[in-house]
Each structure stands twice: as C-alpha cells, then as structure tokens.
Amino acid sequence: MTANISNQETYHDEVVKHLIQFSIIWAVLAMFIGVYLAAELIWPRLDFGQFWLSFGRIRPLHTNGIIFGFGVSALMATAFYSVQRTSNIPLFMPRLASFCCFGWQFVVFTGALSLLAGWTSAKEYAELEWPFDLAITIIWICFGIVFFGTIANRRIKPIYVSNWFYGGLIIVISVLHIVNNLAIPISIDKSYSVYAGAQDAIVQWWYGHNAVGFLLTGGFLGMVYYFLPKLANRPIWSYRLSVVSFWAFTYIYIWAGPHHLHYSAIPDWVQSLGMVMSIILLAPSWATMINGIMTVSTAWKKLSIDPALKFIVLSLAFYGLATFEGPMLAIRSVNIVSHFTEWTIGHVHSGALGWNAMVTYGTFYFLVPRMVGTDLYSIKLANIHFWLALAGTMLYILSMWGAGISQGLLWLSIDDLGELSYSFTDVLTNMVPYYSLRLIGGLLFLFGTILMAYNLFKTMHGRTVVLVSPPEVLNTNRETTSNIASRLQIEART
Amino acid sequence: MKIHGVTLHRKLENHLGLLIFGILFVSAIGGLVQILPSIFQESLGEATQNSHLYSAIELTGRDIYIKEGCHVCHTQQVRPLLAEVHRYGPFSHADEFVYDRPFLWGSKRTGPDLHRIGGKYSDAWHRVHMTDPRSVVPESIMPAYPWLSTSKAADIGDIQKKLHVLKKLGHPYTDEQIRNSPQALQGLSQLDALIRYLQILGTRLSESPP
C-alpha cells in the first residue's frame with residue numbers, strides 16, 4: 001500500500017466512501033419498498049387506506065430509489081474512484097464532486113417524498129416533476145465536469161475502457177433526460193409534456209429503454225471493466241473486442257426503444273426497426289460478457305476464496321441471461337404473450353437483481369475494505385449473502401416467468417366458440433402462488449443486502465479512508481490501454 | 001491483421017474531445033431516425049373525428065388518474081389482437097391520443113386495460129368500486145381510494161392555467177371555456193372528476209374509417 005504522506009498529492013476517496021454509504025442505504029430502503037409492494041399485490045389492504053402507502057405512489061418510489069438512489073450513487077462512487085486511478089491524477093474540482101454526492105442524495109430524498117405526495121409526470125423512470133428534473137440536470141453536468149475534467153488532466157495518454165462506458169453514461173443520459181422531460185410547468189408539482197399521445201410514447205421509450213441501456217447496462221459495464229481485471233489480477237482479455245463491443249453497443253442500443261410499443265398505435269416501421277435492432281444488440285452485449293468471462297478464465301481458483309469475485313462473475317452470468325432474454329422479448333411474436341405481463345417484471349429483475357445489484361455488491365466487497373485499509377469484517381457473512389442473493393434472484397425470476405407466461409397465454413386464449421376462455425379475474429386469482437414465491441425471493445434478496453450493509457458498515461466503523469498517491473509513470477505516451485490494465489492490477493496488488 | 005476501425009478508435013481514446021463527440025454522434029443516429037419522422041408525421045399528431053378534447057372536469061379527472069398512479073397498473077392501449085378486441089373493445093388508434101399529455105399507455109396490466117372503459121359501468125358502480133373495490137369485485141387486488149370522495153376537484157391545480165398552457169400547445173380551447181372552467185369544478189369531489197374522465201375514455205372512436 002502506498003505510504004500516507006500528507007503533503008504529497010493524494011486521490012480524493014472520501015467522496016467515494018460517502019457515495020458507497022448512501023448507495024447501500026438506498027439499496028436497503030428501496031428493496032424494502034419493493035418487498036412491501038410485492039406483499040400489497042397479495043394482501044391489497046396492506047396500504048391501510050393511506051394515500052402514501054398506495055401501490056400507484058410507492059411503485060415509482062421503488063424504481064426511482066433503486067435506479068437513482070442505489071444505482072447512480074454506486075456509479076458515481078466507482079466512476080470517481082476509477083477515473084483517478086486510470087488517469088493517474090486526483091479528481092478535478094474535488095469540492096464539486098462532493099456537491100454531486102450530497103446534492104444528488106438531497107434530490108433523490110426530496111424526490112422520493114414528492115412521489116409520495118403524488119407529484120409525478122407519469123413517464124416511467126422519469127416520474128420526478130420539473131423542479132427535480134432541473135436539479136438532476138445541474139448535478140449531472142457537474143458530474144460530467146468532474147469526470148471529464150479529471151480525464152482532461154490525465155497523465156496517461158490513452159483513456160481506459162471503463163471511462164468510455166462511464167463517459168457514455170454521462171453524455172447519453174443527459175441528452176435523454178433533457179429531451180424526454182421537456183414540459184411546460186403549471187405549478188411546482190405539475191407540468192404538461194411538450195409531446196402528446198403516440199409521439200410522447202416514442203420519445204418516452206427512447207428514453208426509458210436507453211436509461212436501462214446507458215445507465216443500468218453501460219454504466220455498470222464501466223464498473224466491470226475496471227474492477228473485474230483488478231479482482232482477477234489479469235488484464236482485460238481482448239482490447240479489440242472491448243473496442244468493437246463499445247461502439248456497437250453505443251450505436252445499436254438507441255434504436256431498440258420501440259420494442260416497448262409493439263402492437264401499439266405507433267407506426268409499424270418504427271416497431272419493426274426497434275425489433276430488428278434489439279436482436280442485433282445481442283451481439284455486442286454478449287461480446288462484452290465473453291470478454292469479462294475470458295478475463296477471469298485463468299483465475300477460477302480465486303472464485304472459491306473471494307466473495308467479491310464470486311458476485312461479479314455471477315453478475316456476468318445474469319447479464320448474459322438478461323441481454324439474451326431482452327432481444328427475445330423484443331420479437332413481436334414473443335412480445336404478444338409477454339407484453340404487459342409479469343414476464344416484463346421478471347426480465348427487469350434478472351437485470352436489476354442478478355446483474356446490477358450483484359456487480360455492485362462484488363465491487364463494494366472489494367472496494368470498502370481496501371479503502372479503509374483493513375480486511376472485510378466477515379467473509380462468512382459475505383458468502384451467506386452470496387447464496388441468499390442467488391436464491392432470491394432465482395426465485396424471483398422463476399416465479400415471474402411462470403406468472404407472466406400464464407398471464408400472457410390465458411389472456412389470449414379463445415375457446416371453440418370464439419369466446420374468451422378466461423375472465424380477467426380468473427387469471428388474476430391464479431397469480432397468488434407466483435406472487436407469494438416472488439415475495440419470498442424478494443425477502444431473501446433484501447435480507448442478504450441487509451447482511452452486506454451490516455458487514456460493510458462494520459468494516460468501515462471507526463476507520464478513516466487511506467490516503468493513496470498516484471504512482472510514478474514512465475513513458476506514458478507509449479502505453480497501450482491493455483498494459484495500463486496490467487499495470488493497474490499490479491498496483492492493486494502492491 | 002489491421003482493422004481500420006481500431007486505428008480510428010486509437011485516435012478517439014487519445015483525445016477526450018474526439019471521444020465525447022464520437023459518443024454523441026454515434027448515439028444520436030438511432031434516435032434521430034426514429035423520433036424526427038414521428039414528430040412530423042401528421043397521422044400521429046393531428047386531431048380527427050376520433051380525437052376528444054378533454055373538458056375542464058375530464059382533464060382534472062385525468063390529472064387525478066396520474067397523481068394516484070393508476071397508469072402503474074392499468075394500460076390504455078388495446079392491441080389489434082383477436083382476444084384483446086374481444087375482451088376490451090376496438091383496438092387503439094393514434095388519433096385518439098393527440099390530446100394526451102403525457103400519454104398513459106402504461107407498461108403493465110396488473111389490472112385490466114382501461115382504454116375502452118368509458119360507458120361500460122355506471123357512475124354508481126365506479127363510486128363504490130373506487131371506495132371499496134372488493135365489495136363489487138371480491139377477487140380484486142386494487143387499492144381503495146377513500147380519500148377521493150372527500151377531497152375537492154378544485155384542489156387539483158389551477159385549471160385556468162392548465163387550459164391556457166394546453167391552448168398554447170395547440171389544444172383548441174376557447175377563451176370562454178377557459179374563463180368558465182373554475183365554475184365547472186365547483187362542488188365536485190375528486191372522485192366525481194375521475195369518474196367523468198373514465199366515462200369518456202375511448203368512447204369517441206367512430207365506426208367508419210376516417
């Protein structure tokens with residue numbers, strides 16, 4: 001470990017630690033709300049007639065809490081951590097970075113309260129009303145200034161792979177966010193979209209799909225590209241594959257949004273284009289997965305001893321599953337059955353639980369002990385968490401597959417006389433076993449997350465962040481990206 | 001073997017400005033191709049005989065629908081599939097939504113589709129159903145909304161300002177309609193307004209093709 005020399009320049013890791021803490025708190029809160037929602041679908045009276053416990057109001061709280069609270073805090077934390085090390089220089093404008101950290105938490109917290117109050121634009125994953133949209137835009141731009149400013153000052157010429165993905169996250173999300181949320185305010189809690197009807201739908205799902213694409217997929221791939229080589233102590237398997245898959249991913253993802261609107265009142269050509277591009281998207285998605293798996297492929301032994309690596313490798317498997325399932329669901333003839341059903345919910349959670357949460361957990365298990373200069377409080381608890389997370393995710397996905405496919409087929413079923421075979425309530429009453437299994441899955445996953453929170457806060461308790469200085473670099477101009485990776489992992493192990 | 005693309009990429013990864021531009025450029029193409037033509041396509045944005053301009057009460061009801069998150073569990077999009085048309089009614093057309101800001105098609109049918117709900121049940125049925133869903137549909141898992149009948153429709157925002165803004169966005173409200181709108185909401189509960197909205201939903205589709 002680099003010596004603690006106070007008058008030498010050091011990385012700004014305090015802000016990273018805060019972001020990780022906030023991210024963990026949001027994970028526990030938002031997953032708890034998710035479990036509560038799952039219970040409300042079985043026992044609808046659980047809202048006790050209170051407007052702020054009503055399903056329609058707390059469901060957006062769950063999704064926003066996970067994506068913007070847990071997800072974005074984790075992405076900011078890891079982006080700030082890795083961009084300093086891949087640029088070999090401390091953060092640009094560290095106080096602005098702190099503003100991003102605390103400002104973001106303030107926006108997510110007050111935004112959550114506003115959702116309970118019924119302030120909503122009704123656009124999925126963009127529910128927050130215009131005052132919050134403005135605040136998000138400002139903080140996002142500051143995030144960009146800190147991130148790109150650090151890269152602009154870098155002491156290593158090539159910009160490392162993880163930074164392409166984090167950069168894509170910052171740039172594309174800001175464009176999507178601004179265009180989709182254009183609206184005319186009526187009052188502080190209400191605005192009307194500048195788009196209407198079918199056009200609004202096309203713009204919203206261009207946003208909605210690519211928020212998943214560039215935040216929940218691209219952003220977290222940035223995490224993988226930095227932390228996986230470190231954990232496995234190997235450079236990225238193929239630099240060329242990462243180049244090709246990055247640009248293909250960035251180009252193709254944007255086209256896939258209309259698959260959310262199959263058989264709706266938008267033009268057929270838009271739907272067909274969305275479908276075709278969704279299927280093509282499988283290629284760059286899996287290319288990245290293969291690159292990740294091959295990077296660990298000579299380090300399998302470490303899997304049995306390192307819970308962090310276990311989480312990340314498992315997350316790649318779920319990433320592969322979700323990015324295979326996505327294109328399948330985008331095919332019109334599959335979509336006839338899956339659309340509007342629990343299958344969609346299952347698909348989202350194979351991504352959110354299996355991929356996003358697990359890759360973040362692995363990263364946190366790796367990062368937190370190292371940042372405070374100690375060992376993880378309990379490896380045993382982390383291993384228990386691993387199995388709880390896996391079991392919870394599997395139960396969740398399997399129950400929602402069952403529920404979704406049943407719903408889809410039963411809704412479409414027509415008898416010999418040409419009449420509907422089942423009423424809506426017939427199908428609804430069949431959902432109880434699936435919903436119950438889902439609740440158990442969610443509870444297991446939440447319990448695992450609470451174990452991790454305990455484990456990591458115990459690890460951090462009473463310890464300060466270790467000051468790390470950028471190492472000396474020779475011949476910076478000659479370095480290629482792949483040997484930066486190998487140097488990075490050597491540095492990681494010293 | 002040298003691939004030209006990788007050589008190009010090496011340039012981008014050495015220059016931050018080029019990399020940012022590259023990402024912006026590459027990610028913009030798909031959106032531009034899909035969104036721009038749709039924005040200028042008349043059949044998606046122009047009102048026809050199938051389009052219904054919401055009255056002050058209906059618009060307020062719609063805003064209550066949004067506030068309570070009804071769209072979280074109910075879609076408003078009947079797909080052109082045999083079973084779906086049997087279950088809900090005629091499939092949805094783009095011109096029926098030109099006054100919908102935002103669109104409320106939804107993504108999940110935890111409850112049934114509502115695009116053709118207008119006129120299917122009586123006002124009295126809706127009133128009971130909203131206050132205690134399980135008293136009319138025992139299997140229902142819908143939340144109850146007891147607070148809607150005791151709160152005023154007039155509390156859901158400044159209706160004159162709403163109509164004024166919508167007029168600017170191209171909804172053909174007359175000055176008289178805007179002037180009289182607060183009176184229209186007088187004495188109505190939020191439940192009244194919501195039911196008025198539900199009862200108009202999907203009822204303006206004419207049988208003959210335009």
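Residues numbered from 1 in each chain as written. Chains lettered and ligands numbered in written order. Predicted model: local features only at pLDDT ≥ 70, side-chain atom pairs only at ≥ 80, totals over all residues. Heavy atoms only, no water.

Between chain A and chain B, the contact holds 93 residues from the first and 84 residues from the second. Considering only the side of chain A, the residues that lose the most area to chain B are A:Tyr192, A:Trp247 and A:Phe340, jointly responsible for 11% of the buried surface there. Our enumeration of links across chain A and chain B arrives at three salt bridges. The salt bridge partner of A:Arg57 is B:Glu68, with a shortest N-O separation of 2.8 Å. Across the chain A-chain B interface, the total number found is 25 residue pairs in polar contact (both at pLDDT 80 or more). A per-element tally of the side of chain A that touches chain B places helix 6 (residues 197-232) of chain A first, with 10 residues. When the residues that make up the side of chain A that touches chain B are grouped by side-chain class, the tally is 56 nonpolar, 25 polar and 12 charged. (Contact = heavy atoms within 4.5 Å. Buried area = accessible area lost by both parts, 1.4 Å probe. Salt bridge = Lys/Arg side-chain N within 4 Å of Asp/Glu carboxyl O. Polar contact = N/O pair within 3.5 Å; in protein donor to acceptor, adjacent residues only side chain to side chain. Helix = DSSP H or I, 4+ residues; strand = E, 2+ residues; numbered from the N terminus. Nonpolar A, V, L, I, M, F, W, Y, C, P; charged D, E, K, R; others polar.)

We now examine the side chain of B:Arg109. With respect to the helices and strands, the residue B:Arg109 is situated in the loop between helix 5 (82-88) and helix 6 (123-131). On the accessibility criterion, B:Arg109 (1% relative accessible area) is buried. A polar atom in the side chain of B:Arg109 sits 2.8 Å from the backbone oxygen of B:Gln77. For B:Arg109, the side chain forms a polar contact with the side chain of B:Glu84, separated by 3.0 Å. Discounting residues that sit within four places of it in the chain, B:Arg109 has contacts with A:Phe340, A:Trp411, A:Phe424, B:Cys73, B:Thr75, B:Gln77, B:Val78, B:Arg79, B:Glu84 and B:Tyr88. (Buried < 20%, exposed > 50% of the residue type's maximum accessible area, 1.4 Å probe, protein only.)

Turning our attention to the environment of A:Val28. All names here are of chain A. Its location among the elements puts Val28 in helix 1 (residues 14-42). By relative accessible area, Val28 is classed as partly exposed at 22%. Distance from Val28 to Ile450, taken between C-alpha atoms, is 6.4 Å for residues 422 residues apart in sequence. When neighbours within four sequence positions are excluded, Val28 is seen to be in contact with Leu446, Thr449, Ile450 and Ala453.

Time to look at the side chain of A:Glu342. If you trace the backbone, A:Glu342 turns up in helix 13 (residues 342-371). With relative accessibility at 1%, the residue A:Glu342 sits in the buried group. In terms of polar contacts, A:Glu342 uses its side chain to reach the side chain of B:Lys108, at 2.8 Å. Not counting residues up to four positions away in its chain, the partners in contact with A:Glu342 are A:Met400, A:Ala403, A:Gly404, A:Gln407, A:Tyr435, A:Arg438 and B:Lys108.

Glancing now at the domain arrangement of chain B. Domains assigned within chain B are domain 1 (4-40) and domain 2 (50-198). The C-alpha-based centres of domain 1 of chain B and domain 2 of chain B are spaced at 41 Å. (Domains from an automatic or database assignment.)

Here the focus is a nonpolar patch on the surface. Residues and elements named next belong to chain A. A surface patch of nonpolar side chains, about 450 Å² in accessible area, is lined by Trp237, Trp286, Ile290, Met294 and Phe324. Among the elements that make up the nonpolar patch, the one with the highest residue count is helix 9 (residues 282-296) (three residues). Within the element layout of this structure, Phe324 appears in helix 11 (residues 307-330). Look at Phe324 and you get partly exposed, because its relative accessible area is 37%. (Patch = residues over 30% accessible without salt bridge, like charges linked within 9 Å, V, L, I, M, F, W, Y side chains within 5 Å. Areas by Shrake-Rupley, 256 points an atom, 1.4 Å probe, with all protein chains shown as cover.)

In this section: the confidence of the model for chain A. All names here are of chain A. Confidence in the prediction of chain A, expressed as mean pLDDT, is 93, and 94% of residues score 70 or more. Across residues 1-6, confidence stays below pLDDT 50; counting only partners more than four residues off in sequence or on other chains, it has 10 contacts. The low-confidence segment residues 489-494 (pLDDT under 50) makes 16 contacts with residues lying over four places distant or belonging to another chain. (pLDDT = per-residue confidence, 0-100.)

Here we take up helix 1 (residues 4-14) of chain B. Residues three or four positions apart in an α-helix share a direction because the helix packs 3.6 residues into each turn. Residues and elements named next belong to chain B. The set of residues buried in helix 1 consists of Val6, His9, Leu12 and Glu13. All buried residues of helix 1 fall inside an arc of 110 degrees around its axis, so they share one side. Relative to its buried face, helix 1 has exposed residues pointing more than 90 degrees away, namely His4 and Lys11. (Arc of directions from axis to C-beta.)

A regular strand places its side chains on the two faces of the sheet in alternate fashion. Residues and elements named next belong to chain A. Note that strand 1 (residues 183-187) and strand 2 (residues 190-193) share four bridges and pair antiparallel. Its bridge partner being in strand 2, Pro185 is matched across the sheet by Ser191. Linking strand 1 to strand 2, which pair antiparallel, is a turn of two residues. (Pairing = 2+ DSSP bridges.)

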